[in-house]
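This is what each chain is made of:
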Amino acid sequence: MNADIAAASRELKGGGVVVLPTETVYGLAANALDEEAVRKIFTIKGRPLNNPLILHVLDSSWLERYSYVKKYSVRVEKITGAFWPGPITIILPKKAIIPDIVTSDFNTVAIRCPDHPIFRAVLLDSDLPLAAPSANPFGYVSPTCIGQVKATLGNRVKIMLDGGECTVGLESTILDITSMVPKILRPGAITADTISKVLEEDVIDYDAQIVSKSPNAPGQLKQHYCTNTRLILFDRNRNLSQYLAGKTAIVFMQKPKNVDGIAEKLQLPLKAILWFSDDGNLDMVAKNLFSTLQRLDSVHYDTILCERPQRTGIGIAIDDRLSRAAEKFKQ
Ligand code: AMP
Ligand code: MG
């Protein structure tokens, strides 16, 4: 076995925290059965205790250990069969073995099965369920490569495994399967339509307004994923001159046809005009979203202007992250 995996596993068994890659974003992991270890995650991130963590398991056979599955077994089998390992988290009634700190005293637990060989190797070797939020200070942009983690948490965690760039780039879809009609609590790469087809029943899609007010959706904060630099969103084809303020960078969803023309018209240097994807492919936008924002944030612009995506498919999740990131800069 790889020495890094063994070292991470040892650290986790000893009550430590480690940074691990997943296909969504990098995670800050601890043994979910060890209250003190989990507390370290909250301390390192500066995360409020009322913000529950997701439990990561090796496969669906682990569900019974930590949650009451029986009543929901039809839905669970369909979801896990279609999407696990993968970027979807399900909510289930929790068993007492899971300390309350993991679930912020809720009687439900959020569980996911990650699809990254390094994370999976650590789960297999340690045989522990791992609580793991994103590996960034609370409220900041999520990391999708190890460099981003080092830039913000570098000296606070001893073991950090590099698994390359995250392929999805957005946090998992969260699905509450305990409600009468299954309900999306956080949009992600796996959309309500896709889930509804697999479940062969209606699914309540994510609605930011309802979720942010609901006490049943802990941690779905209106303001999150924030850059330090002011971030302003604009709709496609908007006249941009009205938004220019100080040293500005602009990010488009796809490469504009006339970059030179835009630079000239707005009197911006070419390097201040960026795009998340060459052709507007939204999966690519998602993959590059957080890394582009963090890179721009380190350049010290006064303002980052960012185009909003079309709200279809994964565009709903991208727009969700961007809206929350821009929330604190709204006048
Ligand atoms: P993250 O902030 O990316 O670590 O994802 C964790 C999110 O999962 C939290 O912010 C909650 O919104 C959600 N979550 C975790 N546990 C529960 C739960 N028991 N019920 C509802 N949502 C949960
Ligand atoms: Mg996070």
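I will try to describe carefully the structure that is included in this document. A quick note: this is a predicted structure, and the numbers were derived from the prediction, not measured.

In terms of helices and strands, the protein carries 12 helices and 13 strands. Here the C-alpha atoms of the protein give a radius of gyration of 20 Å, agreeing with the 20 Å that 2.2 N^0.38 yields for 331 residues. The burial tally for the protein puts 57% of its 331 residues in the buried class. Residue pairs at least 24 apart in sequence account for 68% of intrachain contacts in the protein once pairs closer than 6 positions are excluded. Split by element, the accessible area of the protein, about 14600 Å² in all, is 49% carbon and sulfur. Distance from the positive charge centre (39 side chains) to the negative charge centre (36 side chains) of the protein: 4 Å.

Moving on, we get to the pattern of salt bridges. Enumeration according to the criterion identifies 15 salt bridges in this entry. For K158, the salt bridge identified is with E11, shortest N-O distance 3.5 Å. Of this pair, K158 sits in the loop between α7 (146-153) and β7 (159-160) while E11 sits in helix α1 (residues 3-13), placing them 147 residues apart in sequence. Here K158 falls in the exposed class, since its relative accessible area comes to 70%. Of the charged contacts in the structure, one is a salt bridge between E201 and R75, with a shortest N-O distance of 2.8 Å. In this pair, E201 sits in the loop between α8 (192-199) and α9 (208-213) while R75 sits in helix α4 (residues 73-83), placing the two residues 126 residues apart along the sequence.

Each neighbour pair has its own omega, and for W84 with P85 the value is -5 degrees, a cis peptide bond. As for its position among the elements, P85 is in the loop between α4 and β4 (88-93). Notably, E200 is not glycine yet its phi reads approximately 55 degrees, a positive angle. Checked against the element boundaries, E200 lands in the loop between α8 and α9. A residue is classified by how much of its surface remains accessible, and E200, at 63% relative accessible area, is exposed. One non-glycine residue, Q267, lies in the positive phi region at around 55 degrees. If you trace the backbone, Q267 turns up in the loop between α10 (259-266) and β12 (273-277).

The next point concerns α4. Here α4 has its buried residues at R75, V76, I79, T80 and F83. One side of α4 holds all its buried residues, which, seen down the axis, span an arc of 115 degrees. Away from its buried face by more than 90 degrees, α4 exposes V74, E77 and G81. Where α4 is buried, its residues meet α3 (63-66), β4, β8 (173-176) and α8.

The subject of this paragraph is empty space enclosed by the protein. Enumeration over the complete set of coordinates arrives at one cavity of 30 Å³ or more. Around the largest cavity sit T173, I184, P187, G188, I190, T191, A192, D205, G313, I316 and A317, which together line it. Each residue belonging to the lining of the largest cavity can be placed in one class, and the counts come to six nonpolar, four polar and one charged.

Strand order in the open sheet formed by nine strands is β7-β1-β2-β6-β3-β5-β4-β8-β9, with mixed pairing between adjacent strands. A single partner strand is all that each edge strand has here, and the edge strands are β7 and β9 (183-186). Across three bridges, strand β1 (residues 18-20) lies against strand β2 (residues 27-31) in antiparallel orientation. The residue of β2 that forms the bridge with V18 is A29. Each of β2 and β6 (130-131) is contacted by helix α2 (residues 35-45), which is oriented at about 155 degrees to β2, the strand it contacts most.

With the rule as written, the count across this model stands at three aromatic pairs. Judged by centre distance (6.5 Å) and plane angle (35 degrees), the ring pair of F234 and Y243 falls under tilted. Under the relative-accessibility criterion, F234 is labelled buried at 2%. Accessibility expressed as a relative area gives 17% for Y243, which makes it buried. One aromatic cluster is present, formed by F234, Y243 and F252 through successive ring pairs. Positioned above the aromatic ring of Y68 is the side chain of K95, whose terminal nitrogen or guanidinium carbon lies 5.2 Å from the ring centre. Between K247 and the ring centre of Y301, over which it is positioned, the NZ or CZ distance is 5.0 Å.

Thresholds applied
- Residues numbered from 1 in each chain as written.
- Chains lettered and ligands numbered in written order.
- Predicted model: local features only at pLDDT ≥ 70, side-chain atom pairs only at ≥ 80, totals over all residues.
- Heavy atoms only, no water.
- Helix = DSSP H or I, 4+ residues; strand = E, 2+ residues; numbered from the N terminus.
- Rg over C-alpha atoms; globule rule 2.2 N^0.38 Å.
- Buried < 20%, exposed > 50% of the residue type's maximum accessible area, 1.4 Å probe, protein only.
- Contact = heavy atoms within 4.5 Å.
- Areas by Shrake-Rupley, 256 points an atom, 1.4 Å probe, with all protein chains shown as cover.
- Lys, Arg positive; Asp, Glu negative; His and termini not counted.
- Charge placed at Lys NZ, Arg CZ, Asp CG, Glu CD.
- Salt bridge = Lys/Arg side-chain N within 4 Å of Asp/Glu carboxyl O.
- Arc of directions from axis to C-beta.
- 1 Å grid on protein atoms, 1.4 Å probe; cavity = no way out; pocket = protein on both sides within 12 Å on 5 of 7 lines; lining within 4 Å.
- Points joined across faces, edges and corners; volume = space filled by probe spheres on them.
- Nonpolar A, V, L, I, M, F, W, Y, C, P; charged D, E, K, R; others polar.
- Pairing = 2+ DSSP bridges.
- Axes fitted to C-alpha atoms, helices over the stretch in contact; angles between N-to-C directions.
- Phe/Tyr/Trp six-rings, centres within 6.5 Å; stacked < 30°, edge-to-face > 60°.
- Lys NZ or Arg CZ within 6 Å of the ring centre and 35° of its normal.

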